[in-house]
Amino acid sequence: MKLSQTIIAFLESSLARNYSHQTLRVYHGFLREFLTVTGDIKISSIEKKHIENFRVYCAKKLLQPNTVNLAMSAIRSLMNFCKRQGIRSMEVSHVELARNAKKNIRILTPNEVRRIIESVRGTSIVAVRDRAILELLAYSGIRVSELTQLNLDDLNFDTYEFRVRGKGGKYRTCFFTPSAAHQIKHWLNVRTDCFPALF
């Protein structure tokens with residue numbers, strides 16, 4: 001089986017297995033580049049040298065270690081797919097991930113979070129919306145991508161909770177504060193549209 005055919009089969013299978021569209025888009029991009037560097041050889045002919053050539057290609061593009069690891073993860077997932085399907089291919093262990101330099105992550109203090117939220121002032125529809133968005137993001141733990149998927153009927157104002165569909169299509173329950181509930185209700189009172197989306 002050619003590499004190009006294997007990539008198509010892998011992406012179709014991953015879509016059926018509920019991989020997120022974002023993950024598939026990223027994997028497709030990296031696998032297309034891997035195909036360009038390697039050539040459309042048989043999947044069974046891929047060796048460690050092909051992986052190293054691709055790693056050199058990524059380095060020449062000045063990709064960050066995390067990005068290179070994402071590219072390697074795409075190849076590893078492809079090899080795992082081959083193993084599940086009984087397609088002869090190299091061992092996943094030959095596709096090594098680079099060591100990541102530890103990043104110093106600075107976490108905002110509660111005071112800093114409050115100051116950011118309070119920096120949105122005014123009574124305009126945009127200010128009211130933005131304040132509600134910040135309150136919900138700051139205290140519910142949801143991602144921005146999850147926030148954009150919320151609909152009006154997703155929120156339960158009696159229990160201060162809602163369900164979101166996160167990574168891998170998995171649902172989880174999140175909670176929001178009475179303060180966020182107040183800001184969201186204020187937003188709902190001033191908005192003029194009838195769309196189902198919360199924001």
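Description of the structure in this document. (Residues numbered from 1 in each chain as written. Predicted model: local features only at pLDDT ≥ 70, side-chain atom pairs only at ≥ 80, totals over all residues. Heavy atoms only, no water.)

This brings us to the sheet that holds strand S1 (residues 155-156). The sheet built from 3 strands is open, its strands ordered S1-S2-S3 with antiparallel pairing. The outermost strands of the open sheet, each flanked by one partner alone, are S1 and strand S3 (171-175). In this structure, strand S2 (residues 161-165) lies alongside S3, joined through 5 bridges in antiparallel fashion. Paired with Val164 across the two strands is Arg172, which belongs to S3. (Pairing = 2+ DSSP bridges. Helix = DSSP H or I, 4+ residues; strand = E, 2+ residues; numbered from the N terminus.)

With respect to the helices, strands and loops of the structure, Glu112 is situated in helix H5 (residues 110-118). Judged by relative accessible area, which is 17%, Glu112 ranks as buried. Other than its neighbours up to four places away in sequence, Glu112 contacts Arg106 and Ile107. (Buried < 20%, exposed > 50% of the residue type's maximum accessible area, 1.4 Å probe, protein only. Contact = heavy atoms within 4.5 Å.)

We now examine the environment of Glu91. Note on placement: Glu91 falls in the loop between helix H4 (65-85) and H5. On a C-alpha basis, the gap between Glu91 and Lys48 in space is 9.3 Å, while along the polypeptide they are 43 residues apart.

Attention now moves to the nonpolar core. A general feature of soluble globular proteins is that nonpolar side chains tend to end up buried together. Counting 27 residues, the largest nonpolar core has Ile46, Ile51 and Ile75 as its most contacted members. Among the elements that take part in this core, H4 stands out by supplying 9 residues, more than any other. Once you skip the residues sitting within four places of it in the chain, Ile51 turns out to touch Phe34, Ile46, Met72, Ile75, Met90 and Val95. The next biggest cluster of nonpolar side chains, apart from the first, holds 17 residues, and it includes Ala132, Cys174, Ala181 and Trp187. (Core = buried A, V, L, I, M, F, W, Y, C linked by side-chain atoms within 4.5 Å.)

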